[in-house]
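# Commentary on secondary and tertiary structure
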Amino acid sequence: ALGLAENTVVVVLADHGEEFLEHGYMDHAWSLFEETLRVPLLFWWPGQLTPGRVAEATSTVAVLPTLLRLIGATPE
């Protein structure tokens, strides 16, 4: 209602996944199964970003430089 969405980038991410007894373990840091390796990383900016999916692996280290590039700033 305030019109803030056009000027707001929303990022959702996690630093690791969790196991819920899929392989006999609970929590994380005990295995390298998909449940702990694949984590969400979503960028949402209405009217600026085209919906899509990236197949390549990335890192949370790339989030800040990506945000800066999106808003036209340069990481220094």
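For the structure itself, look to the data block above.
Residues numbered from 1 in each chain as written. Predicted model: local features only at pLDDT ≥ 70, side-chain atom pairs only at ≥ 80, totals over all residues. Heavy atoms only, no water.

### Examining the environment of P75
Mapped onto the secondary structure, P75 falls in the segment after α2 (63–70). Look past the residues within four positions of P75 in its chain and what remains in contact with it is P65 and L68. (Helix = DSSP H or I, 4+ residues; strand = E, 2+ residues; numbered from the N terminus. Contact = heavy atoms within 4.5 Å.)

### Re a nonpolar patch on the surface
Among the surface-exposed residues, V10, V12, L42 and W44 lie close enough to one another that they form a single nonpolar patch of about 360 Å² accessible area. Mapped onto the nonpolar patch, the elements with two or more residues apiece are β1 (10–13) and β4 (41–44). In this structure, W44 sits in strand β4. Overall, the relative accessible area of 47% leaves W44 in the partly exposed class. (Patch = residues over 30% accessible without salt bridge, like charges linked within 9 Å, V, L, I, M, F, W, Y side chains within 5 Å. Areas by Shrake-Rupley, 256 points an atom, 1.4 Å probe, with all protein chains shown as cover. Salt bridge = Lys/Arg side-chain N within 4 Å of Asp/Glu carboxyl O. Buried < 20%, exposed > 50% of the residue type's maximum accessible area, 1.4 Å probe, protein only.)

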